[in-house]
Amino acid sequence: MKKFLILLLSSLMLAGCSMAEDLDNTPTKKVENYLNKYQEMDEDVIGDLDDIIDFGNDNNDEYKDIIKSNYQKMTYKVKNEEIDGDNAVVTVEIDVIDYTKGLDEIDNYYNENSDEFNDDNSFDKYRLDKFKEIKDKTTYTIDFTLTRINKKWNLDNPTSDIRNKISGMYK
């Protein structure tokens, strides 16, 4: 009887693990896991910041810290999931700080008042200070595409536009 109970419990545990894996194997869950990596500051996400932030100066780390904070504050809501055979599209709305609008305002100010800045460092300090003040948020709608390979859903490589939207720097 004892062996039977052990065998039964082992079988139930294996079935439970398999069911949990199946629950994670949906297009929506894959997109949620991807976006959660941004909120949790996954090391892959931090590595991708080099592709987004490159102002060509010594303050890149400060800019990256600002974007990291934005990632952690990002909110999202899955709006739709459409599956067509082995392809899927998951539509998500994300709310992020609108750095694009801020950058446009900073660039416009510079263009109208360039004589205020005696070198690149003074403009960079101005830009960094203004960047830290940006609080306005924007909402983007993103369509994530996924492909099922060997019964497993895989998120297609997000475009630079998608990554820029997530960082709040989409133009």
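Residues numbered from 1 in each chain as written. Predicted model: local features only at pLDDT ≥ 70, side-chain atom pairs only at ≥ 80, totals over all residues. Heavy atoms only, no water.

Digging into the environment of E82
Residue position: E82 is located in strand β1 (residues 75-84). Given a relative accessible area of 52%, E82 falls into the exposed group. Residues E82 and P27, 55 residues apart in the sequence, show an inter-C-alpha distance of 8.8 Å. Each residue touching E82, except ones within four places of it in the same chain, is listed here: N87, A88 and V89. (Helix = DSSP H or I, 4+ residues; strand = E, 2+ residues; numbered from the N terminus. Buried < 20%, exposed > 50% of the residue type's maximum accessible area, 1.4 Å probe, protein only. Contact = heavy atoms within 4.5 Å.)

What about the sheet that holds strand β3 (residues 137-149)?
Strand order in the open sheet formed by four strands is β1-β2-β3-β4, and the pairing between neighbours is antiparallel. Where the open sheet ends on each side, the last strands, each with one partner, are β1 and β4 (152-155). Strand after strand, the sheet turns through a mean of 25° between neighbouring axes, direction not considered. Set on the sheet, helix α7 (residues 160-167) makes contact with β2 (87-97) and β3; between it and β3 the angle comes to about 140°. (Pairing = 2+ DSSP bridges. Axes fitted to C-alpha atoms, helices over the stretch in contact; angles between N-to-C directions.)

Details of the environment of T26
Its location among the elements puts T26 in the loop between α1 (2-24) and α2 (27-39). The partly exposed category is assigned to T26, whose relative accessible area is 28%. Along the primary structure T26 and N154 are separated by 128 residues, whereas in three dimensions their C-alpha atoms are 9.1 Å apart.

Section: the nonpolar core
Ranked by internal contacts, the top residues of the largest apolar core, which has 36 residues, are F131, F144 and I166. Of all elements in the fold, only α2, α3 (43-52), α4 (60-73), β2, α5 (99-112), α6 (120-133), β3 and α7 reach the threshold of two or more residues within this core. The leading source of residues in this core is β2, at six residues. Not counting residues within four places of it along the chain, the set of residues in contact with I166 comprises Y34, L35, Y38, N70, Y71, M74, I94, V96, I142 and F144. (Core = buried A, V, L, I, M, F, W, Y, C linked by side-chain atoms within 4.5 Å.)

Remarks on the environment of K29
Relative to the helices and strands, K29 resides in helix α2. K29 gets classed as partly exposed once you look at its relative accessible area, which sits at 29%. A C-alpha to C-alpha distance of 9.4 Å links K29 and W153, two positions 124 residues apart in sequence. If sequence neighbours within four positions are ignored, K29 has contacts with L23 and D24.

Digging into the pattern of salt bridges
Scanning all chains against the criterion turns up eight salt bridges. For the salt bridge of K171 with D104, the shortest nitrogen-to-oxygen distance reads 2.7 Å. With a gap of 67 residues between them, K171 in the segment after α7 and D104 in helix α5 connect regions that are remote in the sequence. Across the pair K130 and E133 runs a salt bridge, and its minimum N-O distance is 3.5 Å. Residue K130 and its partner E133 are located together in helix α6, separated by three residues, close to a single helical turn. (Salt bridge = Lys/Arg side-chain N within 4 Å of Asp/Glu carboxyl O.)

Some words on the pairing of β1
Examined bridge by bridge, β1 and β2 share nine bridges and lie antiparallel to one another. Each bridged residue has a counterpart across the sheet, and for E81 the counterpart in β2 is V90.

Quick look at the side chain of D124
Inspection of the secondary structure assignment puts D124 in helix α6. Of the residues examined, D124 reaches a relative accessible area of 4% and is grouped as buried. Of note is the side chain of D124, whose polar atom sits 3.1 Å from the side chain of R127. (Polar contact = N/O pair within 3.5 Å; in protein donor to acceptor, adjacent residues only side chain to side chain.)

Quick word on the packing of aromatic side chains
Summed over the entire model, instances satisfying the criterion amount to 13 aromatic pairs. Summarising the aromatic geometry, the rings of Y110 and F117 are spaced 5.6 Å apart at their centres and angled 35° between planes, so their arrangement reads as tilted. Taking relative accessible area as the criterion, F117 reaches 13% and is therefore assigned buried. Every member of this aromatic cluster is reached through a ring pair, and the members are Y109, Y110, F117, F123 and Y126. (Phe/Tyr/Trp six-rings, centres within 6.5 Å; stacked < 30°, edge-to-face > 60°.)

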